[in-house]
Amino acid sequence: MPVSACQTDLQQPISEHLLSLLEAAVSLEKWPIAKLISLFEANTEQGFIQRHQLMAYIQQQPKLASRRAYIVGVTGAPGVGKSSLIGELCLQLLKQQPGAAIAVLAIDPSSHNSGGALLGDRTRSLFPVGEKRLFFRSQSSALDLGGLSRKTFQVTRILQYLFDYIVIETVGVGQSEVEVAKLCDHSFFVMQPLAGDQLQFIKSGIMEMPDSFIINKCDEQQYAEQSLQQLEASLRTTRSLLKEGEESVIPPVFLSSSVTKQGFKDLADYITGLSVNEGNRNNTSNKENYFIAKWVRYLYGEYGYNIYINNVANKVDGSMSYEQKQLLFKQSIDNKNSLISVPNQ
């Protein structure tokens, strides 16, 4: 579709069908929420247009537009109990805040055959059947680096207006998985007791990334305390190296156990305090600018990225929707006589 035609379609009013989906989703009906998520995951021209129309409508509704979910990232190596921890944490948050609603986005490893998510996290996060305040969605990582799916940011665009908290579980952790910090307001790194010595922690290259740490599976107090001492020593060493010898405050470290239920009240209190006192760390504009640059680089490579930085980034303003920013880039590409299709996700 030509850019001019797409711009015209963006100006069309939102359909009654979309309005009814949004109204039901605000009431936490699961099927409409799932349909809206699918819309924000869609790689179609219709999905592109409807996303813009829906977000433009939301911005015109003061009560809905003022709502912003607090986004929590949970990352860590496979097998440390992230999914079980998230399940217990969400239940504790709802126990303390009966009026809250929580969405969980679990980024699962991709099947090399089908490309879909393996859905392993669903077997670990056990939620009450029929609980409207909890919503769980799996996403395939699509073998993407960064710990998130390429569609995770798009999905949070709509979920932030429907829920009070969004919990994102990454597919794993590594030196490339720093996008959690770009998208989330607070990120936790989860590990298990006796996960390694001080040198191993520093070698892993992820000590400076998380905002807080959780030692999970602390079923045995002796091993939990030993691991806590090792981790705190590693954090002091790492932070002092990063600060060139200056004394720095180490981030909070929590102990938890899904068996004994230890630590989840403290975690829930901590997250509640952060959401109230600190609010959203990454504003919408900064997130959009980061992820649209990633979208450009993924689809158009360094050539397209250079065009975006040199010709588009300085023209972007806060009043533009994410889709309008994509169209602005597409128009710039077209002006370079490049044969590139209509922007997808």
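Residues numbered from 1 in each chain as written. Predicted model: local features only at pLDDT ≥ 70, side-chain atom pairs only at ≥ 80, totals over all residues. Heavy atoms only, no water.

As recorded in an unreviewed UniProt entry, the chain goes by Protein kinase and comes from Dasania phycosphaerae.

## Some details on the pattern of salt bridges
Enumeration according to the criterion identifies 10 salt bridges in this entry. When the shortest N-O distance is used, the salt bridge between R297 and E302 registers 2.9 Å. Judged by its relative accessible area of 40%, R297 falls in the partly exposed class. Here the residues in one salt-bridge network are R51, R157 and E323, joined through shared partners. (Salt bridge = Lys/Arg side-chain N within 4 Å of Asp/Glu carboxyl O. Buried < 20%, exposed > 50% of the residue type's maximum accessible area, 1.4 Å probe, protein only.)

## Thoughts on the sheet that holds strand β7 (residues 253-255)
One open sheet accounts for seven strands, arranged β3-β2-β4-β1-β5-β6-β7; its pairing is parallel. In this open sheet, the two edge strands, each paired with only one partner strand, are β3 (134-140) and β7. In this sheet, neighbouring strand axes are inclined to one another by 20° on average, regardless of whether the strands run parallel or antiparallel. In the sheet, strand β2 (residues 102-108) pairs with strand β4 (residues 165-169) via five bridges, with the strands oriented parallel. Each bridged residue has a counterpart across the sheet, and for I102 the counterpart in β4 is Y165. Taken strand by strand, helix α7 (residues 152-159) contacts β1 (70-76), β2, β3 and β4, and its axis lies near 175° from that of β2. (Pairing = 2+ DSSP bridges. Helix = DSSP H or I, 4+ residues; strand = E, 2+ residues; numbered from the N terminus. Axes fitted to C-alpha atoms, helices over the stretch in contact; angles between N-to-C directions. Contact = heavy atoms within 4.5 Å.)

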